[in-house]
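# Survey of secondary and tertiary structure
Each chain, letter by letter, is given below.
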Amino acid sequence: MNNFKDIWTVAKFTMKDMVSRKSFRISTIIILVLIVVGFNIPNFISNLNGGDFSETILISDPEKVFDGQLETLNTLDPNYKYEPTDDSFDEIKSKLESGDASSAITIDKTSDNVKITYVTENTAMLNGFPTGLMDALSALYTNIQIQKLNLTEQQLASLVPNFEFELRQTEDQTIGGNIGVMLILSCILFFAIYFCAFQVSSSITTEKTSKIMETLVTSTSPRTIILGKTIGIGLVGLGQVLLFAITAIICAKLCLDPEILNALLDLSNFTPYLAIITIVYFILGYFAYALLYALTGSTVSKPEDIQSANTPVVILTMVGFYLSYFTLTNPTGDLNIFASLLPISSPFCMPLRVMMGLANGWDVALSIAILLVFCFIVAHIAIKVYSNAILNYGSKMTIKDIIRTYKQK
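Just so we're clear, the structure is a prediction, and the values are computed from it rather than from any experiment.

### Overview of the overall build of the chain
- Each helix and strand in the chain was counted, giving 15 helices and 4 strands.
- Partitioning the intrachain contacts of the chain with sequence separation of at least 6 by distance along the chain shows that 75% fall at a separation of at least 24.
- Accessible area of the chain: about 24,200 Å², with a carbon and sulfur share of 63%.

Structure representation (structure tokens):
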């Protein structure tokens, strides 16, 4: 009981110390401002353009090849405004150079072909004629020519096939849920590990060079210090991430189109079981990497050595994240199963497999058990190394030094 009380005491001290830092407060405010500004950039651009965010594309069809129906292209994409014009090429060129239009389309009819020219100030960024516009113009021209044939309804219906498309999988489980939501949660976990768990090693290393260490060593055990700092920094860091997420959601609701937002944040298939699994893996994943950072922080005594000492953990984090991300291309493959059991990638991968219905209860239990064992082993090694290197003020420890330190009583 006293051990838990001491751990919580260290955690509260760490939380108070982090929140009181000016750098923490300033960085939090800056990130919040960036989130708000980022979601309002489309509104800012729209206001600068007089409330019109769309790009203007001039269309010159002097021979009326499309029978004056080119304005129907405006229904394709609200970000582009197609404006018919009778201007000459020199006048069109002048408008493009002055910024009155972003590009232009000229249409000429020859004996056998319709020549369509896409005009822009610089073609270096284009990889040929825009495919979407090409398809739209082809479909529009085809419809116009079909209308001129005066076909019956039966003949018109025969030209348009009534296909019925269906996706079907061989697995018994039904894939459901919103992959976008799960990917967002995986990204939040990644950044929580990258920015928050890093503070564990930074705090441990910094305090080894201050008088606080002597006080901590004489008043509590190294295990209490490691676990207390990991929990304290974790709570503050996760609270900070939660603040950013709430701010982003509020800004998204105020700034984004409701249909896009509802499709992106569709939680209709987010069951309580999936929510619990996601939270469990989020906590265990953060704790595993925070303990790895605590281990690396124990091996150095100078703040300037923290970055190089943490490089292996950063690489592991990126490998774990991208391993789960790339296995989405084959969710039922062996690599995906391996990634859901590997402790460095299971926090990112297993919630996705649960959402897709590809993992049963035994798979989840085995994965969590492996992750818990991994956390216990890393915590044991970190505490042992920290206990023996706590007063080491020399150079950064090598792998041999860590092994030798771990074997010491």
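### Some points on the packing of aromatic side chains
- As enumerated under the stated definition, the model contains 3 aromatic pairs in all.
- With a centroid separation of 5.8 Å and 70° between ring planes, the pair formed by Phe66 and Tyr141 is classed as edge-to-face. A residue pair is termed long-range when its members are at least 10 positions apart, and Phe66 in the loop between β1 (55–60) and β2 (80–85) and Tyr141 in helix α4 (residues 131–148) qualify at 75 residues.
- For Tyr141, a relative accessible area of 24% translates into the label partly exposed.
- Geometrically, the ring pair formed by Phe321 and Phe348 is edge-to-face, given 5.6 Å between the ring centres and 85° between the ring planes. Of this pair, Phe321 sits in helix α11 (residues 306–326) while Phe348 sits in helix α13 (residues 346–356), and the two are 27 residues apart along the sequence. Neither Phe321 nor Phe348 differs from the other in exposure class; each is buried.

### Focus: the sheet that holds β1
- Within the open sheet, the 4 strands sit side by side as β2-β1-β3-β4. Their pairing is mixed. Looking at which strands have only one partner, the edges of the open sheet turn out to be β2 and β4 (114–119). Here the average twist between neighbouring strands, direction ignored, is 20°.
- Of the pairings in the sheet, the one linking β1 to β2 comprises 6 bridges and is parallel in character. Within β2, the residue paired with Ile59 across the bridge is Pro84.
- In the packing of helix α3 (residues 89–98) onto the sheet, contacts are made with β1, β2, β3 (103–109) and β4, and the angle to β3 comes to roughly 165°.

### Here's the deal with the nonpolar core
- Ranked by internal contacts, the top residues of the largest apolar core, which has 51 residues, are Ile193, Tyr286 and Val364.
- Mapped onto this core, the elements with two or more residues apiece are α1 (2–20), α6 (179–208), α8 (222–255), α10 (272–298), α11, α13 and α14 (361–389).
- Not counting residues within four places of it along the chain, the set of residues in contact with Val364 comprises Tyr273, Ile277, Tyr281, Met350, Val354 and Ala359.

### A look at the environment of Lys12
- Relative to the helices and strands, Lys12 is located in helix α1.
- Overall, Lys12 belongs to the partly exposed group, its relative accessible area being 43%.
- The sequence separation of Lys12 and Gly228 amounts to 216 residues, and the corresponding C-alpha distance is 8.1 Å.

### Quick notes on the side chain of Ser345
- Examined against the element boundaries, Ser345 turns out to sit in the loop between α12 (334–341) and α13.
- Among the polar contacts made by the side chain of Ser345, one reaches the main-chain carbonyl oxygen of Ala339 at a distance of 2.6 Å.
- Look past the residues within four positions of Ser345 in its chain and what remains in contact with it is Gly320, Leu323, Ser324 and Ala339.

### Overview of the side chain of Thr296
- With respect to the helices and strands, the residue Thr296 is situated in helix α10.
- Only 2.8 Å separates the side chain of Thr296 from the backbone oxygen of Tyr293, close enough to count as a polar contact.
- For Thr296, the residues in contact, after removing those within four places along its chain, are Ser201, Ala309, Asn310 and Val313.

### Description of the environment of Ile377
- As for its placement among the helices and strands, Ile377 is situated in helix α14.
- For Ile377, a relative accessible area of 42% puts it in the partly exposed group.
- Put simply, Ile377 and Ala288 are 89 residues apart on the chain and 9.7 Å apart in space, counted from C-alpha to C-alpha.

### Remarks on a nonpolar patch on the surface
- Taken together, the side chains of Ile29, Val33, Val37, Ile41 and Phe44 make up a nonpolar region of the molecular surface, amounting to roughly 430 Å² of accessible area.
- Along the chain, the position of Phe44 falls in helix α2 (residues 22–48).
- Given the relative accessible area of 43%, Phe44 is considered partly exposed.

### Some details on the pairing of β3
- Burial of β3 is extensive: 5 of the 7 residues sit out of reach of the surface.
- Sheet analysis places β1 next to β3, joined by 4 bridges and oriented parallel. By the bridge assignment, Ile57 is partnered in β3 with Ser103.
- Here 6 bridges tie β3 to β4, and the two strands are oriented antiparallel to one another. In the sheet register, Thr106 faces β4, and the bridge partner there is Thr117.
- The turn linking β3 back onto β4 is made up of 4 residues.

### A closer look at the pattern of salt bridges
- Within this structure, the stated rule accounts for 2 salt bridges.
- A salt bridge links Asp17 to Arg21, with the nearest nitrogen and oxygen atoms 2.9 Å apart.
- Judged by its relative accessible area of 26%, Asp17 is partly exposed.
- Residue classification places Arg21 among the partly exposed residues on the basis of a relative accessible area of 30%.

Rules behind the numbers
Residues numbered from 1 in each chain as written. Predicted model: local features only at pLDDT ≥ 70, side-chain atom pairs only at ≥ 80, totals over all residues. Heavy atoms only, no water. Helix = DSSP H or I, 4+ residues; strand = E, 2+ residues; numbered from the N terminus. Contact = heavy atoms within 4.5 Å. Areas by Shrake-Rupley, 256 points an atom, 1.4 Å probe, with all protein chains shown as cover. Phe/Tyr/Trp six-rings, centres within 6.5 Å; stacked < 30°, edge-to-face > 60°. Buried < 20%, exposed > 50% of the residue type's maximum accessible area, 1.4 Å probe, protein only. Pairing = 2+ DSSP bridges. Axes fitted to C-alpha atoms, helices over the stretch in contact; angles between N-to-C directions. Core = buried A, V, L, I, M, F, W, Y, C linked by side-chain atoms within 4.5 Å. Polar contact = N/O pair within 3.5 Å; in protein donor to acceptor, adjacent residues only side chain to side chain. Patch = residues over 30% accessible without salt bridge, like charges linked within 9 Å, V, L, I, M, F, W, Y side chains within 5 Å. Salt bridge = Lys/Arg side-chain N within 4 Å of Asp/Glu carboxyl O.

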